[in-house]
Amino acid sequence: METTPFGRVITAMVTPMHDDGSIDYDGLQRLAVHLADHGHDGLLVNGTTGESPTTTDDEDYASVQAVVEAVGDRVAVMAGCGTNDTEHSARAAREMVARGADALLVVTPYYNKPPQDCILEHFRVVAEAGGQTPVMLYDIPGRTGTALTTDTIRRAAEIEQVKAVKDAKGDLFEASRLMAETDLLWYSGDDVINLPHLAQGATGIVSVVGHVAGDRYAEMIACVDRGDLVRARAIHRQLIPAIDAIMNISQGAIQVKAALKMMGIIESDRLRMPLRQGPAEHVERLRTGLAAAGLL
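Residues numbered from 1 in each chain as written. Predicted model: local features only at pLDDT ≥ 70, side-chain atom pairs only at ≥ 80, totals over all residues. Heavy atoms only, no water.

### Section: unusual backbone geometry
Here methionine 273 and proline 274 are connected by a cis peptide whose omega angle stands at 20°. Structurally, proline 274 is set in the loop between α11 (252-262) and α12 (280-292). A positive phi angle, near 65°, is found at glutamate 51, a position not held by glycine. With respect to the element layout, glutamate 51 can be found in the loop between β2 (42-45) and α2 (57-71). (Helix = DSSP H or I, 4+ residues; strand = E, 2+ residues; numbered from the N terminus.)

Below, the structure written as structure tokens:
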């Protein structure tokens, strides 16, 4: 499977923690090795699934360095550096590149809801702070409160470092239009519609469910590449119970940490508030979904 500067099967990694809430860097490295062993050619560190809203800058930088040390010779390591503060994001971009990140993920500034021209300039400043490091933009209006317009994405494609989009907007027609009009690499940022994105030309996925289904997703992409949509569709349907259990019962980071603990991949499913472990009912529904998908 031909890869890219970001990889094609990318998981937005959780950040394993000890029961006291401190980061388990050894566990983080073990998780990175596990993912590299199971279908991944890219990993995202310090994404929202990694609980980046509640980790410190120093923890973020140390996490990037730990993952680079563990698997940087095997997979592309992308670091989330976007915030709603442009200077903060630019500073993080510089530091994460210094720690060995191969690529950067920059989310639309959230909460302060800047207009589109301000968002575009934010992307430009942060991208340039990373030097020549490839940048993936992250369009997720459900969390940021602001959707990137089609014209903003077209203009962002003219920024030298901007090479890709992680699309969690859910507008498949806009995605197909932009894939046709630009050279941007397109990534599904929503496990629920990974197959539709891939079938219409997306390069890859940035996944949460990939924590437990990396090999399956690698096979799905290979099937789409060779035109075997029958097999790709079968894989998607096999994974529906797991996708539902991880993404729809509760919050993704909560459920996938529980899944990883259940499967013996991480030692603790501890999260930082405001996220907390789910009730026993959610864990049992998770166990049922993983089993139905053939993952337990």
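Next comes the rest of the account.
### Some thoughts on the environment of tyrosine 111
Mapped onto the elements of the fold, tyrosine 111 is located in the loop between β4 (103-107) and α4 (116-129). Among the residues examined, tyrosine 111 registers a relative accessible area of 75% and is labelled exposed. Measuring from C-alpha to C-alpha, the distance between tyrosine 111 and aspartate 60 comes to 21 Å, with 51 residues separating the pair along the chain. If we skip the residues at most four places from it in the chain, tyrosine 111 touches Asn84 and Thr144. (Buried < 20%, exposed > 50% of the residue type's maximum accessible area, 1.4 Å probe, protein only. Contact = heavy atoms within 4.5 Å.)

### Side note on the nonpolar core
One finds Met13, Val67, Trp186, Val212 and Tyr217 to be the most contacted residues of the largest nonpolar core, which totals 77 residues. When residues in this core are grouped by element, the largest group, eight residues, is from helix α9 (residues 210-225). Residue contacts for tryptophan 186: discarding those within four places in its chain leaves Ile153, Val165, Asp167, Ala175, Leu178, Met179, His197, Ala202, Thr203 and Gly204. In this structure, Ala12, Ala103, Tyr138 and Ala168 belong to the second largest nonpolar core, which totals 15 residues. (Core = buried A, V, L, I, M, F, W, Y, C linked by side-chain atoms within 4.5 Å.)

### Here we look at the UniProt feature "binding site: pyruvate" (unreviewed entry) in the protein chain
Mapped onto this numbering, the UniProt entry gives "binding site: pyruvate" (unreviewed entry) at Thr49 and Val206. In three dimensions, the annotated residues from a span of 158 residues occupy one location, with a maximal C-alpha spread of 11.0 Å. Positionally, threonine 49 belongs in the loop between β2 and α2. For threonine 49, a relative accessible area of 11% puts it in the buried group. Ignoring anything within four residues of it in the chain, the contact list for threonine 49 reads Ala12, Met13, Val14, Thr15, Val208, His211, Ala253 and Val256. Position of valine 206 among the secondary structure elements: in strand β8 (residues 204-207). Taking the relative accessible area as the measure of exposure, valine 206 reaches 3% and is therefore buried. Once you skip the residues sitting within four places of it in the chain, valine 206 turns out to touch Ile10, Ala12, Leu44, Met136, Lys166, Tyr187, Ser188 and Gly189. (UniProt positions renumbered as here; feature names shortened; annotations may be inferred.)

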